[in-house]
Amino acid sequence: MQLQVADIKEYGTELQIEQAVDQYPILAQLAEDEGYVFLTPVQVTVSASVVGGVVELQGTLRLDVEIPCGRCLVASRYALEGQFHQSYVDELPNITGEDGEELELSAEEMGLEVFDGDAIDLTEEVQQQVLLLLPTHPLCSEECKGLCIECGADLNRESCRCQNQKVSMHFAALKDFKVEK
Ligand SMILES: [Zn+2]
Ligand SMILES: [Zn+2]
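Every chain's residues receive numbers from 1 upward, in the order its sequence appears when written. Chains and ligands are labelled by the order in which they are written, letters from A for the one and numbers from 1 for the other. This being a predicted model, a pLDDT of at least 70 is required before a residue's local features are given, and a value of 80 or more before pairs of side-chain atoms are given or counted; all residues contribute to the totals for chains, interfaces and linings. Excluded from the side-chain calculation are hydrogens and water; included are all heavy atoms of the structure.

**Some points on the side chain of Ser76**
Note on conventions: DSSP H or I runs of at least 4 residues are helices, E runs of at least 2 residues are strands, and numbering of each starts at the N terminus. Secondary-structure assignment places Ser76 in strand S6 (residues 75–89). Residues count as neighbours in contact if any of their non-hydrogen atoms are within 4.5 Å of one another. Not counting the four nearest positions on each side in its chain, Ser76 is found in contact with Val65, Glu66, Ile67, Leu139 and Cys140.

This is the structure:
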């Protein structure tokens, strides 16, 4: 997702961009490895303006995704919505300290991102924002009982026999136990 800096007007430019999830490597990976189903493209609205050589971006993003429950694997739908703000420069400014010495500050320390050439690539920023919005421990419900580790039964819908079997095996062992006289 490229934003041409020359297109940004001094008083601000508003852009709406939709980009398929497979354009974002980390999200595509989640779809492949974790069974995430992205139901919409990533919808981004960006307000951009240039203030004193600094490109200021305010963005909102929307995305619907189905994520499998971490315990029972049943998918739930999440409507993600978030906002971000980022400042970009094509060259880091020189900052001098009180003693006139030039300070060596990284872009991160200045809260800036550096862009090369004439365009700002928003892919990484948008991808990181989506990751922040994703649930860290997706569950269909807090009370989800998960799957039986023995037989794989969905314990929210059925109670399997594994639990009973363990108990009866325990008694079977006791039955053979003979007390020495
Ligand atoms: Zn669940
Ligand atoms: Zn079971």
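**Considerations on the environment of Glu81**
Along the chain, Glu81 falls in strand S6. Each C-alpha atom, one on Glu81 and one on Arg62, is 4.6 Å from the other, the two residues being 19 residues apart in sequence. Those residues in contact with Glu81, other than ones at most four positions away along the chain, are Leu61, Arg62 and Leu133. A polar contact of 3.5 Å, which involves the side chain of Glu81, links it to the side chain of Arg62. Polar contacts, as used here, are pairs of N or O atoms within 3.5 Å; protein pairs need one atom able to donate a hydrogen and one able to accept it. Residues neighboring in sequence count only if both atoms are side-chain atoms.

**Focus on the coordination of the zinc ion (ligand 1)**
Ligation of the zinc ion (ligand 1) by protein atoms is provided by Cys69 (SG), Cys72 (SG), Cys140 (SG) and Cys144 (SG), these donors lying 2.3 Å from the ion. Relative to the metal, the four donor atoms surrounding the zinc ion (ligand 1) lie at angles of 107 to 114°, and the coordination shape comes out tetrahedral. Using a 1.4 Å probe on the protein chains alone, a residue whose accessible area is under 20% of its type maximum counts as buried, one over 50% counts as exposed, and one in between counts as partly exposed. For Cys69, a relative accessible area of 2% gives the class buried. Coordination partners: N, O, S within 2.8 Å of the metal, 3.2 Å for Na, K and Ca; water not considered, so apparent gaps in a site are possible. Geometry assignment treats four donors as tetrahedral when all angles are between 85 and 135 degrees, treats four as square planar and six as octahedral when opposite donors are over 155 degrees apart and all others between 65 and 115, and treats everything else as irregular.

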